[in-house]
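# Topology and contacts: notes
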Amino acid sequence: MLSFLRRDLPAFGRVLYPGVIPPPFERIARSEEAVAWTPATAQPGQSWAAEATHPVWGSADMVCERQPAPLPETLIDCDRALSAVEKAQARPGQATIAVRVHARQKHVLRDRKGLLYWLRTLMQADGAVAIDGSSTMLWSKAMLDDELAHDADLDIESLYAIHAVQDPGRDGAVSWMHTHGLEALGAFDVDVLEPSPLLVSNCGDPIRALAFAALEGTIDPDTDRFQLAWPGGEVRLVPVERFHALAATEHKNLRDLDQHSGRRAVLCEPVGGLLGRWRTRPVPSRFLSRLNDDRVVFPFSTAATALMADRARRTLGVFLDLQEEFASLELPALMKLGFEVEGGGPADREHLWFEVHAVAGGKVDATLANVPNRVPGLTAGQRGEHDLDRLSDWTIMSPEGPMTPRNLSAARRLREARA
């Protein structure tokens with residue numbers, strides 16, 4: 001199972017406010033009626049300190065910093081979660097209130113979601129942006145509202161940030177995509193050099209597959225061969241220090257080593273032979289640079305799939321609300337359903353995508369979009385009703401990208417475009 005989830009890790013973050021003058025303690029203390037605020041002794045460099053307690057969220061330590069601490073422009077520019085409007089709102093942020101939350105449930109997804117409740121409380125005082133201190137993931141008010149509108153555990157995608165660095169010399173194309181936050185969980189972060197436009201716009205599943213594999217211990221930063229995708233998606237992982245020692249200058253120049261070292265691997269071309277890793281100069285993965293087929297499949301372990309399915313079912317109401325909100329745009333809506341496989345064990349399932357026509361009475365009326373491999377009772381194009389107990393994922397496709405149980409950035413961008 002996913003033992004990495006059982007961790008006694010405190011969560012910490014910051015909320016930034018426009019300008020250099022932070023909100024006073026009295027204003028913050030009025031932001032949430034259910035919270036009890038107890039002033040604490042401020043240390044040098046702090047305007048005030050307090051302990052906050054909520055009957056459900058538990059307790060948190062908060063300090064208001066005297067010195068403004070604006071985020072680096074590049075951190076905002078490279079963030080893939082924020083919309084253009086949200087990035088503009090984040091840039092004026094300078095004054096800072098920091099929050100630290102003790103691990104109550106010893107479960108990283110639940111304890112990290114607990115942090116978000118406190119960040120949203122602090123954001124009520126005209127916050128510009130919030131940041132998760134472990135992953136450097138940025139959160140806007142709307143992002144926090146989306147996540148806190150349901151009680152599903154936080155998704156693993158919210159434990160790390162994805163940065164996409166553009167190259168002005170390539171007409172703004174992304175030359176380097178990488179993660180932050182997986183090393184803090186005991187795994188390692190990953191770099192993709194010269195990712196294809198399709199990979200950049202649909203990086204959710206590929207990066208999540210790598211994140212799960214790293215956290216489950218299936219791969220390490222020095223793995224020679226890993227089947228990331230089917231068909232043809234075999235990659236090699238090369239530690240960044242070795243990559244910079246052996247790779248061609250043109251490839252090393254695509255990424256920065258000074259601020260992006262530690263336990264981190266670059267995804268490269270696989271090599272053959274026992275000594276291939278030493279005799280062959282590492283070359284960035286051509287598969288990920290040329291990926292242009294959205295039918296490629298990125299497999300997940302049974303335990304990871306179960307975790308994803310639980311969130312999909314607990315966010316079904318979000319799916320239905322989005323369908324209603326964007327009904328006039330007639331966006332394609334799909335659900336992934338799991339079916340018992342011929343000749344498989346009791347837990348073996350094949351997960352297939354269906355185009356959704358209607359949802360009612362615990363069932364979905366849908367048409368199968370995939371060609372089944374080991375489910376003989378189904379054929380591509382077949383329409384019928386299926387139990388929602390089979391639900392393992394959902395998505396709504398849009399001109400701004402896919403909306404999923406894990407990421408609603410496309411919905412916020414679409415609202416801005418419609419407005």
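Preceding block: the structure.
Since the structure is predicted, the reported quantities are computational estimates derived from the model, not experimental observations.

## Remarks on the overall build of the protein
- Helix and strand counts for the protein stand at 14 helices and 18 strands.
- Taken over the C-alpha trace, the protein has a radius of gyration of 22 Å; the compact-globule value for 419 residues is 22 Å, and the two agree within 12%.
- A burial count over the protein gives 52% of its 419 residues as buried.
- Long-range pairs, those at least 24 residues apart, make up 61% of the contacts in the protein between residues at least 6 apart in sequence.
- A total of about 19000 Å² of accessible surface is found on the protein, and carbon and sulfur atoms cover 50% of it.

## Comments concerning the pattern of salt bridges
- For the coordinates displayed, the defined rule picks out 29 salt bridges.
- Put simply, Arg-415 and Glu-325 hold a salt bridge, and the shortest N to O gap is 2.7 Å. In this pair, Arg-415 is assigned in helix α14 (residues 409–418) and Glu-325 in helix α13 (residues 316–325), connecting sequence segments 90 residues apart.
- For Glu-325, a relative accessible area of 33% puts it in the partly exposed group.
- Residues joined by salt bridges that share partners form a network here, namely Asp-189, Asp-191, Arg-255 and Arg-264.

## Section: the nonpolar core
- Formed by 89 residues in total, the largest nonpolar core has its most connected members in Met-62, Val-99, Trp-118, Leu-228 and Leu-267.
- Discounting chain neighbours no more than four positions away, the residues touching Leu-228 are Pro-206, Ala-209, Leu-210, Gly-233, Val-235, Leu-267, Leu-288, Val-297, Phe-298 and Pro-299.
- Core analysis: the next-biggest nonpolar cluster, separate from the first, contains 28 residues, Phe-326, Leu-352, Val-356 and Leu-414 among them.

## With respect to the sheet that holds strand β4 (residues 58–65)
- Pairing is antiparallel across the open sheet formed by seven strands, whose spatial order is β2-β3-β4-β5-β1-β6-β7. One side of each edge strand has no neighbouring strand; the edge strands of this open sheet are β2 (36–40) and β7 (138–139).

## Quick notes on the environment of Pro-332
- Relative to the helices and strands, Pro-332 resides in the loop between α13 and β14 (333–340).
- Sequence spacing of Pro-332 and His-357 is 25 residues, and the spatial spacing of their C-alpha atoms is 9.5 Å.
- If sequence neighbours within four positions are ignored, Pro-332 has contacts with Thr-395, Ile-396 and Met-397.

## So, unusual backbone geometry
- Look at the link from Trp-230 to Pro-231: it is a cis peptide, with omega at -5 degrees.
- Along the chain, Pro-231 falls in the loop between β11 (226–229) and β12 (233–239).
- Despite not being glycine, Asp-126 shows a phi value in the positive range, around 60 degrees.
- One non-glycine residue with positive phi stands out, namely Thr-136, at about 65 degrees.
- The residue Thr-136 is located in the loop between β6 (129–132) and β7 in this model.
- Looking at Thr-136, the relative accessible area reads 24%, which means it is partly exposed.

## What about the environment of Tyr-160?
- Secondary-structure assignment places Tyr-160 in the loop between α5 (141–148) and β8 (161–167).
- Between the alpha carbons of Tyr-160 and Leu-109 there is a distance of 12 Å; along the sequence they are 51 residues apart.
- Filtering out sequence-adjacent residues up to four positions away, Tyr-160 remains in contact with Ser-135, Met-137, Thr-179, His-180, Gly-181, Leu-182, Ile-207, Arg-208 and Ala-211.

## Considering the packing of helix α7 (residues 204–216) against helix α12 (residues 302–314)
- Between α7 and α12, the shortest axis-to-axis distance is 10 Å and the interhelical angle comes to 125 degrees. It follows that α7 is oblique to α12 by the angle criterion. At the point where α7 passes α12, the crossing takes the right-handed sense. Contacts between α7 and α12 involve Arg-208, Phe-212 and Glu-216 from the first element and Ala-303, Ala-304, Leu-307 and Met-308 from the second.
- Per-class residue counts for the contact of α7 with α12 are five nonpolar, no polar and two charged.

## Some words on the side chain of Asp-155
- Along the chain, Asp-155 turns up in the loop between α5 and β8.
- Its relative accessible area of 5% is what places Asp-155 among the buried residues.
- At 3.1 Å, the side chain of Asp-155 and the side chain of Arg-208 are in polar contact.
- Discounting residues that sit within four places of it in the chain, Asp-155 has contacts with Leu-109, Arg-208, Arg-311 and Arg-406.

## Observations regarding the packing of helix α4 (residues 108–123) against α5
- For the pair α4 and α5, the least separation of the axes is 10 Å and the interaxial angle reads 135 degrees. In terms of orientation, α4 lies oblique with respect to α5. When you trace α4 past α5, the crossing you get is left-handed. Here Lys-113, Leu-116, Tyr-117, Leu-119, Arg-120 and Met-123 of α4 come into contact with α5, specifically with Lys-141, Leu-144, Asp-145, Glu-147 and Leu-148.
- The residue inventory of the contact of α4 with α5, partitioned by class, reads six nonpolar, no polar and five charged.

Rules used in this analysis
Residues numbered from 1 in each chain as written. Predicted model: local features only at pLDDT ≥ 70, side-chain atom pairs only at ≥ 80, totals over all residues. Heavy atoms only, no water. Helix = DSSP H or I, 4+ residues; strand = E, 2+ residues; numbered from the N terminus. Rg over C-alpha atoms; globule rule 2.2 N^0.38 Å. Buried < 20%, exposed > 50% of the residue type's maximum accessible area, 1.4 Å probe, protein only. Contact = heavy atoms within 4.5 Å. Areas by Shrake-Rupley, 256 points an atom, 1.4 Å probe, with all protein chains shown as cover. Salt bridge = Lys/Arg side-chain N within 4 Å of Asp/Glu carboxyl O. Core = buried A, V, L, I, M, F, W, Y, C linked by side-chain atoms within 4.5 Å. Pairing = 2+ DSSP bridges. Axes fitted to C-alpha atoms, helices over the stretch in contact; angles between N-to-C directions. Parallel < 35°, antiparallel > 145°, perpendicular 65-115°, else oblique. Left-handed = near helix turned anticlockwise from the far one by under 90°. Nonpolar A, V, L, I, M, F, W, Y, C, P; charged D, E, K, R; others polar. Polar contact = N/O pair within 3.5 Å; in protein donor to acceptor, adjacent residues only side chain to side chain.

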